[in-house]
Amino acid sequence: MKKYAWFLVFLPALFIGAGAVFGDNDHSGRTGADDDKGNGWWRESRLDVAPVRNEPYQSECGSCHFAYQPGLLPARSWQAMMGDLANHFGDNAELDETVQQQILDYLVDNAADRSRYKRSRRIDGSLHANDIPLRISDTLYFKRKHHEIPQRLVKGNRQVGSFSNCAACHRRAGSGSYNEHEVNIPGVGLWDD
């Protein structure tokens, strides 16, 4: 028993040290004190991608569509997308230069290739170095995760419409959770193939 007593002293120090090492990485200026769901490595272990924590991005981009988390695409994709806002998927989404730069900085700093969140790392790992996907649904990781879902349940479903409507089926997508066990396809229910 005595030979394991050191472990009881060391274990709390390990968790405290891990919290300092794996601190919050959303680069938004927020600290763990203002995050009611925990911070650092513990939050990262529960979420798939970092939630959106940037007001200009949320208000400008989120006013037209779901504010996709930066961790869903690599920095090079966000740079390409933000570099051609005059032709943003068929719409003109040009912004004031200062706001555009603030949003670009946020997206790049929190992109999949700069994140420690598990799904962000997997998305980035599925890409070749020269891949510049402009849609999350164009990534190999996304295709692998959604290949079993029939098109009729997405494109043929008025409540969903397309795979870009993440929040229609992933009810906790806004918080950064894309857990496949939480998928609820409108008109179908919980999805478990």
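Residues numbered from 1 in each chain as written. Predicted model: local features only at pLDDT ≥ 70, side-chain atom pairs only at ≥ 80, totals over all residues. Heavy atoms only, no water.

Peer 1: Looking at this structure, I do not really get the overall build of the protein chain. What am I missing?
Peer 2: A tally of regular secondary structure across the protein chain gives eight helices and two strands. Counting from the amino terminus, the protein chain carries its helices and strands in the arrangement α-α-α-α-α-α-α-α-β-β. For the protein chain, with 193 residues in total, the buried portion stands at 36%. Summarising the internal contacts of the protein chain: among those between residues at least 6 apart in sequence, 56% fall at separations of at least 24. Total accessible area computed for the protein chain in this model is approximately 11700 Å², and 54% of it derives from carbon and sulfur atoms. (Helix = DSSP H or I, 4+ residues; strand = E, 2+ residues; numbered from the N terminus. Buried < 20%, exposed > 50% of the residue type's maximum accessible area, 1.4 Å probe, protein only. Contact = heavy atoms within 4.5 Å. Areas by Shrake-Rupley, 256 points an atom, 1.4 Å probe, with all protein chains shown as cover.)

Peer 1: Mind showing me how you'd approach unusual backbone geometry here?
Peer 2: Negative phi characterises most residues that are not glycine, and trans characterises most peptide bonds. A positive phi angle, near 55 degrees, is found at phenylalanine 89, a position not held by glycine. Looking at the element boundaries, phenylalanine 89 is found in the loop between helix 4 (75–82) and helix 5 (97–109). Using a relative accessible area of 42% as the deciding quantity, one classes phenylalanine 89 as partly exposed.

Peer 1: Could you clarify how one ought to interpret the packing of aromatic side chains in this entry?
Peer 2: The description of two aromatic rings rests on the distance between their centres and on the angle between their planes. Under the definition given, this model contains three aromatic pairs. Ring centres of tyrosine 57 and tyrosine 106 lie 5.9 Å apart, and the angle between their planes is 45 degrees; on these two criteria the pair is classed as tilted. Of this pair, tyrosine 57 sits in helix 3 (residues 55–60) while tyrosine 106 is found in helix 5, placing the two residues 49 residues apart along the sequence. Residue classification places tyrosine 106 among the buried residues on the basis of a relative accessible area of 5%. (Phe/Tyr/Trp six-rings, centres within 6.5 Å; stacked < 30°, edge-to-face > 60°.)

Peer 1: Where do I start with a nonpolar patch on the surface in this structure?
Peer 2: Together, Phe89, Ile132 and Leu134 make up an exposed nonpolar region whose accessible area comes to about 260 Å². You can call isoleucine 132 partly exposed: its relative accessible area is 45%. (Patch = residues over 30% accessible without salt bridge, like charges linked within 9 Å, V, L, I, M, F, W, Y side chains within 5 Å. Salt bridge = Lys/Arg side-chain N within 4 Å of Asp/Glu carboxyl O.)

Peer 1: Help me understand the nonpolar core, please; the structure alone is not making it clear to me.
Peer 2: Most often, soluble globular proteins have nonpolar side chains that are buried together. Membership of the largest hydrophobic core comes to 35 residues, with the highest contact counts inside it found for Tyr57, Tyr68, Leu72, Trp78 and Leu107. Put simply, the parts of the chain that give this core at least two residues each are helix 4, helix 5, helix 7 (140–146) and helix 8 (166–169). Broken down by element, the residue count for this core peaks at five residues, all from helix 5. When sequence neighbours within four positions are dropped, the list of residues in contact with tryptophan 78 reads Tyr57, Tyr68, Gln69, Pro70, Leu73, Leu104, Leu107 and Ala111. (Core = buried A, V, L, I, M, F, W, Y, C linked by side-chain atoms within 4.5 Å.)

Peer 1: Please clarify how the confidence of the model for the protein chain should be interpreted in this entry.
Peer 2: Do not read the fine detail of predicted coordinates wherever pLDDT is low. With 74% of its residues at a pLDDT of at least 70, the protein chain reaches an overall mean of 83. Scored below 50 in pLDDT, residues 16–38 makes 34 contacts in the model with residues more than four places away or belonging to other chains. (pLDDT = per-residue confidence, 0-100.)

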